[in-house]
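These are the residues of each chain, in order.
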Protein chains: 2
Amino acid sequence: MAARERFAHYGYPKTTIAELAKDCAMSPGNIYRFFKGKIDIAVEIARREALSAVEVLESVLACPHRSSRQRLEEVIFADLRHTYHLLENQPKTVELAQVVVAERPQFQIESLRRERRLFQRILHEGVACGELMTDSVPATTIALHAMTLKYRYPQIFTKQSLEELERELAHVLSLVMRGLVVPKEGAPIPATQIPEEDASLTLR
Amino acid sequence: MAARERFAHYGYPKTTIAELAKDCAMSPGNIYRFFKGKIDIAVEIARREALSAVEVLESVLACPHRSSRQRLEEVIFADLRHTYHLLENQPKTVELAQVVVAERPQFQIESLRRERRLFQRILHEGVACGELMTDSVPATTIALHAMTLKYRYPQIFTKQSLEELERELAHVLSLVMRGLVVPKEGAPIPATQIPEEDASLTLR
DNA sequence: CGAATGAATATTTTGTTGATTATTCACCCC
DNA sequence: GGGGTGAATAATCAACAAAATATTCATTCG
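Thresholds, definitions, all that
Residues numbered from 1 in each chain as written. Chains lettered and ligands numbered in written order. Predicted model: local features only at pLDDT ≥ 70, side-chain atom pairs only at ≥ 80, totals over all residues. Heavy atoms only, no water. Near = heavy atom within 4 Å. Polar contact = N/O pair within 3.5 Å; in protein donor to acceptor, adjacent residues only side chain to side chain. Nonpolar A, V, L, I, M, F, W, Y, C, P; charged D, E, K, R; others polar. Contact = heavy atoms within 4.5 Å. Buried area = accessible area lost by both parts, 1.4 Å probe. Salt bridge = Lys/Arg side-chain N within 4 Å of Asp/Glu carboxyl O. Helix = DSSP H or I, 4+ residues; strand = E, 2+ residues; numbered from the N terminus. Expected span 1.5 Å × (residues − 1). Buried < 20%, exposed > 50% of the residue type's maximum accessible area, 1.4 Å probe, protein only.

## Details of the protein's contact with DNA strand C
Move 1: Taken together, 13 residues surround DNA strand C, and among them Ile17, Tyr32 and Lys38 of chain A together with Ser27 and Arg33 of chain B come closest.
Move 2: Among atoms of DNA strand C positioned within 4 Å of the protein, sugar and phosphate together represent 79%.
Move 3: In the model, a phosphate oxygen of DNA strand C is placed 3.4 Å from a nitrogen or oxygen of the threonine 15 of chain A main chain.
Move 4: Contact distances for DNA strand C include 2.8 Å between a phosphate oxygen and a backbone N or O atom of isoleucine 17 of chain A.
Move 5: Considered class by class, the residues forming the surface near DNA strand C number three nonpolar, seven polar and three charged.

Have a look at this one:
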């Protein structure tokens with residue numbers, strides 16, 4: 001359904017079923033053979049959006065020559081940048097997401113769960129190869145996810161710039177990594193560096 | 001102005017200046033000799049509320065026989081419990097706070113700053129007595145504050161119970177303390193225990 | 001004259017109505 | 001008969017009027 005452009009351009013409430021039907025060369029009534037209601041169209045669009053965003057993040061896992069710490073950090077930074085740019089450049093898409101979450105709370109829960117699973121996978125890997133240490137991977141996953149919540153919903157509380165948020169996130173990660181990373185032969189655990197903005201991770 | 005009861009009972013929008021004036025045995029016009037507008041009355045109430053809340057938290061600092069870690073943890077837990085109970089039992093007070101923040105964003109910024117200062121004081125102390133270690137107290141303060149943001153605005157994103165939030169917070173603190181606490185003679189850093197709910201810290 | 005009033009005015013909220021839009025469904029076409 | 005239509009109906013939104021309320025200020029009071 002390429003008519004998601006309409007939502008992105010005119011916004012969810014201002015887009016009518018009649019218009020959508022016309023785009024698809026259908027009658028309004030026929031739309032309801034594919035979707036139970038208008039909101040379900042939005043849900044489907046948001047679902048694809050969310051899946052593709054996670055897929056992009058997963059590409060970080062595929063990169064070789066990266067420590068688990070780096071992977072974790074890059075995923076979290078990429079996430080911050082992605083939602084930040086969305087908020088700035090695609091306000092209508094954000095509005096769509098808000099409508100979906102308001103109407104279908106389950107949607108958000110599942111999105112967050114997907115993201116946590118990504119964290120958990122990286123943590124597992126890191127523990128398995130002796131790079132990270134933790135008593136309990138699931139508990140640490142939840143903690144890590146909760147600690148970085150602010151960077152998943154930036155600009156909701158504070159109106160900070162991306163640069164400020166990145167600097168702050170670097171401090172947060174430095175602190176948490178000191179309790180997570182296995183030190184190398186007495187050397188202190190280095191502070192987190194803000195990674196390069198990777199076009200392939202933030203584009204769209 | 002004891003007529004704050006009205007806001008707490010009927011809510012900010014449903015309380016009229018005329019009622020407030022009657023409570024004070026005044027004419028409506030005379031209120032404006034004391035407050036610039038209706039919102040300023042709410043600001044004053046919220047300000048006192050916020051100050052007394054911080055004062056209560058500061059009483060934790062006065063307690064002897066407590067490590068810096070314990071103090072930090074107790075302040076954060078007390079904060080979570082305080083706002084959680086407020087949200088449950090005093091919805092009108094929370095509404096008041098939201099109105100104030102919406103109208104006067106500066107108010108929230110200053111409340112957060114006060115709280116951060118409290119964190120910073122504890123951190124300083126801990127570093128001074130060799131109990132905690134960090135490169136930079138200010139940076140760590142900001143990081144700690146950001147990491148615990150979820151527990152300062154509970155139930156806004158998720159609808160978790162207080163018990164869940166406390167368990168989660170304990171994991172978060174365990175993780176961060178491993179990077180913050182100076183280990184004692186090779187012994188591992190213990191996990192965070194959920195402190196007793198101290199009536200003097202959560203009452204009202 | 002400063003403190004206070006309360007009627008006058010400005011602003012915000014509430015309620016109502018008409019129009020727009022979502023959804024259903026009896027009916028048509030291939 | 002399955003896939004589709006579009007008029008009929010229900011739900012929602014937008015615009016406007018009426019009512020309630022915040023704020024001002026000329027006037028009074030002590």
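## Looking at the interface of chain A and chain B
Move 1: With 23 residues of chain A in contact, the opposing surface of chain B contributes 23 residues.
Move 2: Across the chain A/chain B interface, buried area totals approximately 2100 Å², and carbon plus sulfur atoms make up 75% of it.
Move 3: Inspection of the region where chain A meets chain B yields zero salt bridges.
Move 4: Linking chain A with chain B are four residue pairs in polar contact (both at pLDDT 80 or more), by the criterion used here.
Move 5: At the level of secondary structure, the elements contributing two or more residues to the side of chain A that touches chain B comprise helix 8 (137-147) and helix 9 (162-177) of chain A.
Move 6: It is helix 8 of chain A that contributes the most residues to the side of chain A that touches chain B, six residues altogether.
Move 7: In terms of residue class, the side of chain A that touches chain B is made up of 14 nonpolar, five polar and four charged.

## Some thoughts on helix 9 (residues 162-177) of chain B
One turn of the α-helix equals 3.6 residues, which is why residues spaced by three or four share an orientation.
Move 1: For helix 9 of chain B, spanning 16 residues, the distance from its first C-alpha to its last is 22 Å, which sits close to the expected 22 Å at 1.5 Å a residue.
Move 2: Taking burial as the measure, the 16 residues of helix 9 of chain B include 12 buried ones, the bulk of the element.
Move 3: Regarding helix 9 of chain B, the residues found buried are Leu162, Leu165, Glu166, Glu168, Leu169, Ala170, Val172, Leu173, Ser174, Leu175, Val176 and Met177 of chain B.
Move 4: Buried positions along helix 9 of chain B lie against helix 8 and helix 9 of chain A together with helix 5 (68-89) and helix 8 (137-147) of chain B.

## Here we look at the environment of histidine 171 of chain A
Move 1: You can see histidine 171 of chain A is positioned in helix 9.
Move 2: For the pair histidine 171 of chain A and isoleucine 194 of chain A, spaced 23 residues apart in sequence, the C-alpha separation works out to 9.7 Å.
Move 3: Filtering out sequence-adjacent residues up to four positions away, histidine 171 of chain A remains in contact with Ala139 and Ala143 of chain B.

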